[in-house]
Amino acid sequence: MPFAEAKGSGYYLAQAFYWSDGCGNSGAQCNDVIWEVKSTEQQFTDDQLKVAKEYYANKEVYFNSKKFLDKDGLPDEKKIIGDITKKLKIKNKNIEIPSLFLEQVE
C-alpha cells in the first residue's frame, strides 16, 4: 500500500497471489500458475499523495454525505477534490485522486 489509510481499500502498489496446486482460488481453474504477481511503476506527486491520503482517510464521509454525492447518489469526484484541496490548501488545478494500474510481472 502507498500509505496506511489505504488499508483494506484494494489500493495497492503491488499484489501477489500464490496457489500451491496451480489451480487458482476455486481449485478448478488449473493452469499450472503457482505465482501471479502484479505491480505498478507509477509515481505520485506530493500533492497527489496528500489528496489520496485524505480521500482514503475520509472515504466513508465522501461516500455517505449528500454534500459529496451527485444527482444519482454517486460520489462526485469534483466535489470531493474541492473539499480535500480546500482542507489541505492545495490549488486544485489538475489535481485528481490518483488511480493505480497494476500490470503483470513476469
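All of the points below concern the structure found in this document.

**Concerning the state of the cysteines**
So, point 1. Enumeration according to the criterion identifies one disulfide in this entry.
So, point 2. A sulfur-sulfur separation of 1.9 Å characterises the disulfide bridge that pairs Cys23 with Cys30. For the disulfide bridge between Cys23 and Cys30, the dihedral angle about the S-S bond is near 100°, and by the sign convention the bridge is right-handed.
So, point 3. Take Cys23: its relative accessible area is 9%, and that puts it in the buried class.

**With respect to a nonpolar patch on the surface**
So, point 1. Where nonpolar side chains cluster on the molecular surface, the patch consists of Tyr18, Ile34, Trp35, Val37 and Val105 and spans about 460 Å² of accessible area.
So, point 2. Looking at the secondary structure, you find Ile34 in the loop between β1 (14-18) and β2 (35-39).
So, point 3. For Ile34, a relative accessible area of 30% corresponds to the partly exposed category.

**Observations regarding unusual backbone geometry**
So, point 1. Within the chain, Asp32 stands out as a residue other than glycine whose phi angle is a positive 65°.
So, point 2. When you line up the elements, Asp32 lands in the loop between β1 and β2.
So, point 3. In this structure, Lys89 is a non-glycine residue whose phi angle is positive, near 55°.
So, point 4. Structurally, Lys89 is set in the loop between α3 (77-88) and β3 (103-105).
So, point 5. We classify Lys89 as exposed; its relative accessible area is 76%.

**Observations concerning α3**
Turn by turn, an α-helix covers 3.6 residues, leaving residues three or four places apart pointing in a common direction.
So, point 1. Between the first and last C-alpha of α3 there are 16 Å, a value that for twelve residues agrees with the 16 Å anticipated at 1.5 Å per step.
So, point 2. What α3 keeps buried is the set Ile80, Ile81, Asp83, Ile84 and Thr85.
So, point 3. Among the structural elements, α1 (46-57) and α2 (59-64) are those in contact with the buried residues of α3.
So, point 4. Its side-chain oxygen placed 3.0 Å from the backbone nitrogen of Lys78, Asp76 serves as the N-cap of α3.
So, point 5. Phi turns positive, to about 55°, at Lys89, one or two residues after α3.

**Structural notes on the environment of Phe101**
So, point 1. Among the structural elements, Phe101 can be located in the loop between α3 and β3.
So, point 2. On the accessibility criterion, Phe101 (57% relative accessible area) is exposed.
So, point 3. Distance from Phe101 to Gln42, taken between C-alpha atoms, is 8.0 Å for residues 59 residues apart in sequence.
So, point 4. With residues up to four places along the chain from it excluded, the contact list for Phe101 reads Ser39, Thr40 and Gln42.

**Some details on the pattern of salt bridges**
So, point 1. Under the definition given, this model contains two salt bridges.
So, point 2. Glu54 is paired through a salt bridge with Lys87; the nearest N and O atoms lie 3.4 Å apart. Taken together, the positions of Glu54 in helix α1 and Lys87 in helix α3 put the pair 33 residues apart, joining distant regions of the chain.
So, point 3. For Lys87, a relative accessible area of 46% corresponds to the partly exposed category.
So, point 4. Across the pair Lys87 and Asp83 runs a salt bridge whose closest N-O atoms are separated by 3.6 Å. Highlighted residues: Lys87 and Asp83, both in helix α3, separated by four residues, approximately one helical turn.
So, point 5. Residue Asp83 is classed as buried on the basis of its relative accessible area of 16%.
So, point 6. Taken together, the salt bridges that share partners define one network made up of Glu54, Asp83 and Lys87.

Rules of the game
Residues numbered from 1 in each chain as written. Predicted model: local features only at pLDDT ≥ 70, side-chain atom pairs only at ≥ 80, totals over all residues. Heavy atoms only, no water. Disulfide = S-S within 2.5 Å. Buried < 20%, exposed > 50% of the residue type's maximum accessible area, 1.4 Å probe, protein only. Patch = residues over 30% accessible without salt bridge, like charges linked within 9 Å, V, L, I, M, F, W, Y side chains within 5 Å. Areas by Shrake-Rupley, 256 points an atom, 1.4 Å probe, with all protein chains shown as cover. Salt bridge = Lys/Arg side-chain N within 4 Å of Asp/Glu carboxyl O. Helix = DSSP H or I, 4+ residues; strand = E, 2+ residues; numbered from the N terminus. Expected span 1.5 Å × (residues − 1). Contact = heavy atoms within 4.5 Å. Polar contact = N/O pair within 3.5 Å; in protein donor to acceptor, adjacent residues only side chain to side chain.

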